[in-house]
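So you can see what is in the structure, the chains are spelled out below.
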Amino acid sequence: MVDSLGVAVVGFGWMGRVHTQAYARVLHHYPQLGLRPELVTVAEDVPGRAEEAAAQFGFASTTRDWRDIVKDPRVQAVSITAPNFLHREIGVAMAEAGKHIWIEKPVGLSVADAQAVDDAVARAGVQSAVGFNYRNAPAVEAARELIASGGIGTVTHVRVRLFSDYAAHPEGALTWRYEKERGGSGVLGDLASHGADLARYLLGDIASLTADTAVFIPERARPTGATAGHTRATGGELGPVENEDYVNCLLRFASGARGVLEACRVSVGEQNNYGFEVHGTRGAVFWDFRRMNELGVSRGTTYQDQPVSTVYVGPGDGEFSAFQPGAANAMGMDDLKVIEAHRFLRSIAEGQPYGATLPDAVHSAAVLEAMVSSAESGSWVNVQS
């Protein structure tokens, strides 16, 4: 007997669509889950968008106001995929109403925002999930196990990169993402938050850092209508870009390892160039999101001139077996969100957390705030987490 769980989605841009598709697919890959997500309602203030979502995915109802979901007894769990500045208000309200929340990173504009949502979840005794999807890749989980087992020796240093061109066009619209009041940080919250989570997931806590940031496209045109994703705008009034396009950061881990984290949203010629290189005293492990199902692995006792092998992840790695029967069969980005949905729903079914949760978001936000502080002061800053 599979119990139904009423779910709602707040905000139906690209990420709201991805969450909805994950709910629709999750039982295909995890038939023993024990919970069947039922799409109850979708909230979106752009006229017509919620109705389109309902027509395509089968939501039972729609609303323009997310507050309607707070008091809707049909809804037990909520995906929060609205803009960053709404995360705290929506997250706290949903948790206080006793609803489990799956919320996209960076969970608000600050550590205080993420902590407020985490505190509300703890008080209400509900479950949480946070959209740090890259840690869900089976190859990343395999890399973490290799590192933890000592397979590359003692970790000495790591490089984490997140380069993209989604904001590289000078005609990219001046949406909320470029405003401090509504978007908070720029590439820090959008990409470096993933990098901070990956670094901590692989190597443990970050103790201190020093960072530098820059804005490379200082002005953009204001959009004249509703936007979704990273749309272009021409002819509109120009306004200032208020948050950073680029960050470069040196890291010191509690373990003694060193690291570099670099992220940019205006890198011409780079499309989702995300990945890491972890080096140890006896080897190294490399991962590139664009070759998501592969690892580069070097280990042994040769040290100098030691070769690197390409390893294809397979059914023994992470959640791979829920999607493919044998190594080298490809998984994709949306599959990572299905894994995330499964872990969220499993947390609800079993009453204990699985996967990335709000405390992880608080840690990531602390790293981002340390980056901001360091960029302003030009000095090393301890990470308060």
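So, a few notes on the structure that sits alongside this text. (Residues numbered from 1 in each chain as written. Predicted model: local features only at pLDDT ≥ 70, side-chain atom pairs only at ≥ 80, totals over all residues. Heavy atoms only, no water.)

Details of unusual backbone geometry
- For the peptide bond that leads from lysine 105 to proline 106, omega is 10°, which places it in the cis range.
- Tracing the sequence through the fold places proline 106 in the loop between β5 (100–103) and α5 (111–124).
- Here valine 107, not a glycine, exhibits a phi torsion of approximately 60°, which is positive.
- Within the fold, valine 107 resides in the loop between β5 and α5.
- Classification of valine 107 by relative accessible area gives buried; the value is 1%.
- One non-glycine residue, tyrosine 303, adopts positive backbone phi at about 65°. (Helix = DSSP H or I, 4+ residues; strand = E, 2+ residues; numbered from the N terminus. Buried < 20%, exposed > 50% of the residue type's maximum accessible area, 1.4 Å probe, protein only.)

With respect to the sheet that holds strand β6 (residues 128–130)
- The 6 strands are arranged β3-β2-β1-β4-β5-β6 in an open sheet whose pairing can be described as parallel. Unpaired on one side and paired on the other, β3 (61–63) and β6 mark the two borders of the sheet. Between one strand axis and the next, the sheet turns through 25° on average, direction left out of account.
- One ladder, built from 3 bridges, connects β5 with β6; its direction is parallel. Within β6, the position partnered with isoleucine 101 by the bridge is serine 128. (Pairing = 2+ DSSP bridges. Axes fitted to C-alpha atoms, helices over the stretch in contact; angles between N-to-C directions.)

Regarding the packing of helix α8 (residues 187–203) against helix α10 (residues 358–377)
- Between α8 and α10, the shortest axis-to-axis distance is 9 Å and the interhelical angle comes to 115°. The hand of the α8/α10 crossing is right-handed. Between α8 and α10, the residues in contact are Leu188, Gly189, Ala192, Ser193, Ala196, Asp197 and Arg200 and Asp360, His363, Ser364, Val367, Leu368, Met371 and Val372, respectively.
- For the contact of α8 with α10, a count of residues per class yields 7 nonpolar, 4 polar and 3 charged. (Left-handed = near helix turned anticlockwise from the far one by under 90°. Contact = heavy atoms within 4.5 Å. Nonpolar A, V, L, I, M, F, W, Y, C, P; charged D, E, K, R; others polar.)

Describing the nonpolar core
- Residues Val278, Trp287 and Met371 are the most contacted members of the largest nonpolar core, which totals 115 residues.
- A total of 10 residues in this core trace back to one element, the largest contributor, which is α8.
- Filtering out sequence-adjacent residues up to four positions away, methionine 371 remains in contact with Leu188, Leu209, Ala211, Val247, Cys249 and Leu261.
- Grouped together as the second largest cluster of nonpolar side chains are 10 residues, Phe163, Ala167, Leu174 and Cys264 included. (Core = buried A, V, L, I, M, F, W, Y, C linked by side-chain atoms within 4.5 Å.)

Things to note about the pairing of strand β13 (residues 273–280)
- Here β13 lies mainly inside the structure; 7 of its 8 residues are buried.
- As judged from the 8 bridges shared by strand β7 (residues 155–163) and β13, these two strands associate in the antiparallel manner. Bridge pairing in β13 links phenylalanine 163 to asparagine 273.

Re the packing of helix α6 (residues 138–148) against α8
- Between α6 and α8, the shortest axis-to-axis distance is 8 Å and the interhelical angle comes to 40°. On the basis of their axis angle, the class for α6 and α8 is oblique. Counting all contacts with α6, which are made through Val140, Glu141, Ala143, Arg144 and Ile147, the residues of α8 involved are Leu198, Tyr201, Leu202 and Leu203.
- Here the contact of α6 with α8 is built from residues that sort into 7 nonpolar, no polar and 2 charged. (Parallel < 35°, antiparallel > 145°, perpendicular 65-115°, else oblique.)

Considerations on helix α4 (residues 87–96)
- With 7 of its 10 residues buried, α4 lies for the most part within the structure.
- For α4, the set of buried residues is His87, Ile90, Gly91, Val92, Ala93, Met94 and Ala95.
- Looking at the packing, one finds that the buried side of α4 touches β1 (3–10), α3 (67–70), β4 (77–80), β5 and α5.
- A positive phi of about 85° marks glycine 98, the residue just after α4.

Details of the pairing of β5
- Residues His100 and Trp102 point to one face of β5 and Ile101 and Ile103 to the other, with burial holding for every one of them.
- Pairing of β4 with β5 involves 4 bridges; the strand directions are parallel. Its bridge partner being in β5, isoleucine 80 is matched across the sheet by isoleucine 103.
- With α4 bridging β4 and its parallel neighbour β5, the resulting β-α-β unit is right-handed.
- As a crossover connection, the stretch from β5 through α5 into β6 is right-handed. (Right-handed = clockwise from strand over helix to strand, strands pointing away.)

Re α10
- The end-to-end C-alpha separation of α10 is 29 Å, in line with the 28 Å expected for 20 residues at 1.5 Å each.
- In the segment just after α10, glycine 378 is the residue with positive phi, at about 75°. (Expected span 1.5 Å × (residues − 1).)

Structural notes on the packing of aromatic side chains
- By the definition in use, this model includes 11 aromatic pairs.
- Here the aromatic rings of phenylalanine 12 and phenylalanine 59 are separated by 6.3 Å at their centres, their planes lie at 90°, and the arrangement is edge-to-face. Within this pair, whereas phenylalanine 12 is found in the loop between β1 and α1 (14–29), its partner phenylalanine 59 is found in the loop between α2 (49–57) and β3, the two being separated by 47 residues in sequence. By the burial criterion, phenylalanine 12 is buried, and phenylalanine 59 matches it.
- With a centroid separation of 5.5 Å and 75° between ring planes, the pair formed by tyrosine 134 and tyrosine 274 is classed as edge-to-face. (Phe/Tyr/Trp six-rings, centres within 6.5 Å; stacked < 30°, edge-to-face > 60°.)

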